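The chain contents come next:
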Amino acid sequence: MSSATSAAPLFSRSQRRCHLLLMLYLPDPLLTLDSLCRLNGVDLALARQDIAEVDEEIQRYHRLGIHQRQDGSLLLQGDELDRRLCLLHWLRRALRVSPVFIENTFTPALRQHLQTRRIEKLLYDERNLQALIQHCAGHLQRDFSPRDRLFLQLFMQYSLCHTRLAAFTPQQKRWLEHKAERLAAQAVIQHWRRRCRITPDASEIDFYTLLFSMIHAPSAGRLHQPWEQQLMQQTRLLMARFQSLSGLRFSDERGLCSQLYTHLAQALDRCHFAVGIDNSLSQEVIRLYPRLLRTTHAAIEPFEHHYDIRFSAEEMGLIAVIFGAWLMQESALQEKQVLLLTGENRAREQELEEALRELTLLPLNIKYLSIDDFQRDGAPKGVTLVISPYATPLPLYSPPLIHVEPPLSMQQQQRIRLLLES
């Protein structure tokens, strides 16, 4: 049993979870419940909760799992490519939230294992690795931030510790072979081939191409490679289709194009390598903006066909949110405040709210107020439109009030949409 019983944990939830997962990547230390309690200064119950939460997250986003063996040690299970992509995400997170752990625990453990394996010190020496990273920056014509330099150094040391190879599908290989990051990846592998006693596999070039790509946010202002120019063309076509389908115009097409290009470049990487993202936003988009999401789906189908991929519901939700935000950007249109009057028929009220959200792509803030309160106090300040599924007289001062019962007629839809989008 662990003796850690402090009511106030030494580390935040995010820090504890980073410590847990990164310990599972270290080659030598066996992580157990008891050693995790000592590491994070928590009791067994909180340690189990941390394990369950990390396990749930990496299953959802990286198709990995945490398994407890018969001897009590914890093991990370999954394909090598998924393991490395998971480490990419969590190591970058740990460098932000728990740099002391990286410096005092993770880095020394990697260095110790490299010494044990008798890897030539010139390969994993920090100064030499930083020189190699600078060489890669020259190939890429990029400046790495200090944090990304440290991240790349640690990931290279991790790679030298392991002999397991990441396997890529033919489609994934085709996606990577024309990326600008390939020259930098080749420089890393060629350096290791010249100096290392072990011979890195050719698939390592694919992986480091992906690694350099996934830590970079492409800019619409730098379109040097053919695939970058092609993506810009596809981004503009996507915007044009969305405007045609929606009947609305973007007030700042250049600004939207720049943000959308960067987002799509990163989303394509995630899609090709099955990297998940948070799904809470997509559920909100489905509920609150069904027409916006449906229009985005229709506009993006040719884009998906061009790249032979299918975006997840989560990715589609994010793209829809970008479109919705730029519809409102720098325009006179603001989020409309709609008041829906309530009575005794909750099902009818919910059906009416769903019908309202289907009428427009623009954001609606729909609030509920009972008919009695409306008759006594009127509508709150800022309300654009009052909708009632029940017949009710107007108070003395009120915004426009429309009495409708689902389903809405075409004439009612047109009138309401005009009020919402004017």
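Source: prediction; values computed, not measured.

Thresholds applied
- Residues numbered from 1 in each chain as written.
- Predicted model: local features only at pLDDT ≥ 70, side-chain atom pairs only at ≥ 80, totals over all residues.
- Heavy atoms only, no water.
- 1 Å grid on protein atoms, 1.4 Å probe; cavity = no way out; pocket = protein on both sides within 12 Å on 5 of 7 lines; lining within 4 Å.
- Points joined across faces, edges and corners; volume = space filled by probe spheres on them.
- Helix = DSSP H or I, 4+ residues; strand = E, 2+ residues; numbered from the N terminus.
- Salt bridge = Lys/Arg side-chain N within 4 Å of Asp/Glu carboxyl O.
- Buried < 20%, exposed > 50% of the residue type's maximum accessible area, 1.4 Å probe, protein only.
- Nonpolar A, V, L, I, M, F, W, Y, C, P; charged D, E, K, R; others polar.
- pLDDT = per-residue confidence, 0-100.
- Contact = heavy atoms within 4.5 Å.
- Pairing = 2+ DSSP bridges.
- Axes fitted to C-alpha atoms, helices over the stretch in contact; angles between N-to-C directions.
- Expected span 1.5 Å × (residues − 1).

**Q** Any chance you could explain the layout of surface pockets here in plain terms?
**A** Gaps left between atoms are located by rolling a probe of water-molecule size over the structure's atoms. What the largest pocket holds in volume is close to 650 Å³. Along the walls of the largest pocket sit 25 residues, with His89, Arg92, Met214, Arg270 and Val275 positioned nearest its centre. Mapped by element, the contributors of at least two residues to the lining of the largest pocket are helix 3 (44-62), helix 4 (80-97), helix 11 (203-214) and helix 13 (253-272). With 6 residues, the single largest contributor to the lining of the largest pocket is helix 4.

**Q** Explanation requested: the pattern of salt bridges in the structure shown.
**A** Side chains that differ in sign of charge can pair as their charged atoms come close. Summed over the entire model, instances satisfying the criterion amount to 25 salt bridges. In this structure, the salt-bridge partner of arginine 84 is glutamate 80, at a minimum N-O distance of 3.0 Å. Of this pair, arginine 84 and glutamate 80 both sit in helix 4, 4 residues apart, which is roughly one turn of that helix. In this structure, arginine 84 and glutamate 80 share a single accessibility class: buried. The partner of arginine 92 in a salt bridge is aspartate 148, with the nearest N and O atoms 3.2 Å apart. One end of the pair, arginine 92, is in helix 4; the other, aspartate 148, is in helix 8 (residues 146-161), and 56 residues separate them in sequence. A relative accessible area of 24% places arginine 92 in the partly exposed class. Where salt bridges share partners, they join Glu80, Arg83, Arg84, Arg164 and Glu204 into one cluster.

**Q** Quick question: what am I supposed to make of empty space enclosed by the protein here?
**A** One pass over the full model with this rule turns up 1 cavity of 30 Å³ or more. One number sums up the size of the largest cavity: a volume of about 50 Å³. Along its surface, the largest cavity is lined by Arg142, Lys179, Glu181, Ser213, His216, Pro218, Trp227 and Glu228. Looking at the lining of the largest cavity residue by residue, the classes come out as 2 nonpolar, 2 polar and 4 charged.

**Q** Explain the confidence of the model for the protein to me, please; I cannot follow it from the model alone.
**A** Parts of the prediction with low pLDDT should not have their coordinates interpreted in detail. Residue-level pLDDT values for the protein average 89, and 94% of them are 70 or greater. Per-residue pLDDT stays below 50 along residues 1-6; that stretch engages in 11 contacts with residues further than four places along the chain or on separate chains.

**Q** I would appreciate a short explanation of the sheet that holds strand 6 (residues 401-403) in the present structure.
**A** Pairing between the strands of a sheet comes from backbone hydrogen bonds, and it takes one of two forms, parallel or antiparallel. Here 4 strands make up an open sheet; going across it, the order is 4-3-5-6 and the pairing parallel. On the outer flanks of this sheet lie strand 4 (364-370) and strand 6, each paired with one strand and no other. Put simply, the sheet's adjacent strands are angled 25 degrees from each other on average, direction ignored. Most of the contacts of helix 17 (residues 346-359) go to strand 4, to which it runs at about 160 degrees, and overall it touches strand 3 (336-342), strand 4 and strand 5 (385-388).

**Q** Help me out: how do you make sense of helix 3 in this one?
**A** Since the α-helix advances by 3.6 residues per turn, residues separated by three or four positions end up pointing in the same direction. Given a rise of 1.5 Å per residue, 19 residues ought to cover 27 Å, and the 26 Å separating the end C-alpha atoms of helix 3 matches this to within 8%. Leu44, Leu46, Ala47, Asp50, Ile51, Val54, Asp55, Glu57, Ile58, Tyr61 and His62 are the residues of helix 3 that are buried. Against helix 1 (13-25), helix 2 (33-40), strand 1 (65-68), strand 2 (74-77) and helix 4 lie the buried residues of helix 3. A positive backbone phi angle near 60 degrees is found at arginine 63, which sits one or two residues after helix 3.

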